[in-house]
Amino acid sequence: MNFTFKKTILFLISTLLTFVFSTRAFADEERYMIKDITLNSGYTMPVIGLGTWSLSNDQAENSVYHALKSGMRLIDTARYYRCEAGVGRGIQKAIDEGFVTREEIFVTSKIMPSDYDRAAQGINDSLSDLGLDYLDLMLIHQPGWNDEAVYKAMEDAVRAGKVRSIGISNYYTPQAIDEVLSYAEILPAVIQNENHLYYQNTDLQEYVKQWGIVVESWYPFGGRGHTGEHFGNETIISIAEAHGKTPAQVILRWQIQAGFIAIPGSSNPDHIAENFDIFDFELTDEEMASIRAFDRQRRYENW
Ligand SMILES: NC(=O)c1ccc[n+]([C@@H]2O[C@H](COP(=O)([O-])OP(=O)(O)OC[C@H]3O[C@@H](n4cnc5c(N)ncnc54)[C@H](OP(=O)(O)O)[C@@H]3O)[C@@H](O)[C@H]2O)c1
């Protein structure tokens, strides 16, 4: 092998290695910066958003506007929360100011149990209060006496172009999922459940993966009245210190790295901005494992 040939081979190998490592570095960077996932419906959904439970209409308007201003694109509401009108106003204000378009925003609502005998009308009512002509995601709020009819109404709404993706909420067991799948013509894309440090839906998440269904977490901080137990967790505090982040940010980072979608609720614009500022760091495998170990199957609610 002459010298020029050897040099050419070495050059090719080093170019190949540079390419492989730079692609890997790029892929790693991309991985922890990923803000959206693709649902089994084909639509993309942001992994972090704003929850609006317990907000008044005025608070919802303000929170939604600030969430969109901070870069959040997922807004979770429900007919039951009675703040869809405020959510709609916050969305409209952001669109009017020109920093976001309707297509860039992902809006979820839920059919409430008292509407289960008029689900189609419930969907229309949500659209009307929100001032939208389609919802990105509609969920059955919780299992009820005629889930099948409610589910069918959501499927009709998809066919009518009023709803893009559908899902279920508060279904915790494989049996409950199997029952929905037995009549579903359109797969649920999302299951929204209570899911936090002390009640992790890991087994359910594993079970529904086969249909490409994603678990979305309500009460990511344990809900109002319980956040101290989460933010005051010593391990979470020390991980937060190691990354120069807050406990809230570590909890949300764990949620999305574990493959969940999280919708922290807040009426405080600073908290909302903080909750979205989680795409510049990554938890290590050890940190993820130590958080995984907090699961003690403890729920705060029983619906
Ligand atoms: N499908 C269902 O059955 C169901 C049930 C419950 C909830 N949900 C949905 O899930 C969402 C989340 O649940 P949630 O809002 O009840 O509880 P949560 O997100 O676990 O906690 C909300 C609490 O955390 C505080 N908070 C938020 N960000 C913070 C931060 N960065 N630092 C310190 N405190 C912070 C909020 O106070 P501030 O307002 O002061 O920020 C509020 O007290 C709801 O809003 C709703 O959209 C769904």
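These notes cover the structure that comes with them. (Residues numbered from 1 in each chain as written. Predicted model: local features only at pLDDT ≥ 70, side-chain atom pairs only at ≥ 80, totals over all residues. Heavy atoms only, no water.)

Digging into the overall build of the protein
1) Next: Along the backbone of the protein there are 12 helices and 10 strands.
2) Next: Over its C-alpha atoms the protein spans a radius of gyration of 22 Å, differing by no more than 12% from the 19 Å that the globule rule assigns to 303 residues.
3) Next: Its C-alpha atoms give the protein principal-axis dimensions of about 85 × 45 × 45 Å.
4) Next: Within the span of the protein, comprising 303 residues, buried residues form 47% of the whole.
5) Next: In the protein, the proportion of contacts linking residues at least 24 apart, taken out of those at least 6 apart, comes to 76%.
6) Next: When the accessible area of the protein is evaluated, it comes to approximately 14,100 Å², of which 54% is carbon and sulfur surface.
7) Next: Taken together, the 26 basic and 42 acidic charged side chains of the protein have centroids lying 4 Å from each other. (Helix = DSSP H or I, 4+ residues; strand = E, 2+ residues; numbered from the N terminus. Rg over C-alpha atoms; globule rule 2.2 N^0.38 Å. Buried < 20%, exposed > 50% of the residue type's maximum accessible area, 1.4 Å probe, protein only. Contact = heavy atoms within 4.5 Å. Areas by Shrake-Rupley, 256 points an atom, 1.4 Å probe, with all protein chains shown as cover. Lys, Arg positive; Asp, Glu negative; His and termini not counted. Charge placed at Lys NZ, Arg CZ, Asp CG, Glu CD.)

Thoughts on the site of the ligand
1) Next: Taken together, the neighbourhood of the ligand is formed by 30 residues, with D76, F221, G265, S266 and H271 sitting nearest.
2) Next: Here an oxygen atom of the ligand sits 2.9 Å away from a polar atom, N or O, in the side chain of N170.
3) Next: Between an oxygen atom of the ligand and a main-chain N or O atom of G222, the distance comes to 3.4 Å.
4) Next: Within the complex, the protein chains bury 91% of what would otherwise be the 900 Å² of accessible surface of the ligand.
5) Next: Secondary structure elements with two or more residues in the shell around the ligand: helix 8 (227–231) and helix 11 (269–276). (Near = heavy atom within 4 Å. Polar contact = N/O pair within 3.5 Å; in protein donor to acceptor, adjacent residues only side chain to side chain.)

Structural notes on the nonpolar core
1) Next: Of all hydrophobic cores here, the largest spans 76 residues; its most connected members are I48 and I291.
2) Next: Per element, the largest residue contribution to this core is 6 residues, and it comes from helix 10 (residues 247–257).
3) Next: Here I48 is in contact with M72, L74, L252, I256, A262, N275, F276 and I278, once residues within four sequence places are set aside. (Core = buried A, V, L, I, M, F, W, Y, C linked by side-chain atoms within 4.5 Å.)

Considerations on the pattern of salt bridges
1) Next: Enumeration according to the criterion identifies 21 salt bridges in this entry.
2) Next: Of the charged contacts in the structure, one is a salt bridge between R79 and D129, with a shortest N-O distance of 3.2 Å. Pair noted here: R79 is in the loop between strand 4 (74–76) and helix 3 (84–97) and D129 is in helix 4 (residues 119–130), with a separation of 50 residues, a long-range link.
3) Next: Its relative accessible area of 16% is what places R79 among the buried residues.
4) Next: Between E185 and K152 there is a salt bridge whose closest N-O contact spans 3.3 Å. Highlighted residues: E185 in the loop between helix 6 (174–183) and strand 8 (190–194) and K152 in helix 5 (residues 147–159), separated in sequence by 33 residues.
5) Next: You can call E185 exposed: its relative accessible area is 59%.
6) Next: Looking at K152, the relative accessible area reads 24%, which means it is partly exposed.
7) Next: Each of K152, E155, D156, R159 and E185 takes part in a single network of salt bridges with overlapping partners. (Salt bridge = Lys/Arg side-chain N within 4 Å of Asp/Glu carboxyl O.)

Topic: the sheet that holds strand 8
1) Next: Ordered in space as 3-4-5-6-7-8-9-10, the 8 strands form an open sheet in which the pairing is parallel. Both outer strands of the open sheet, strand 3 (49–51) and strand 10 (261–262), are each paired with one neighbouring strand and no more. (Pairing = 2+ DSSP bridges.)

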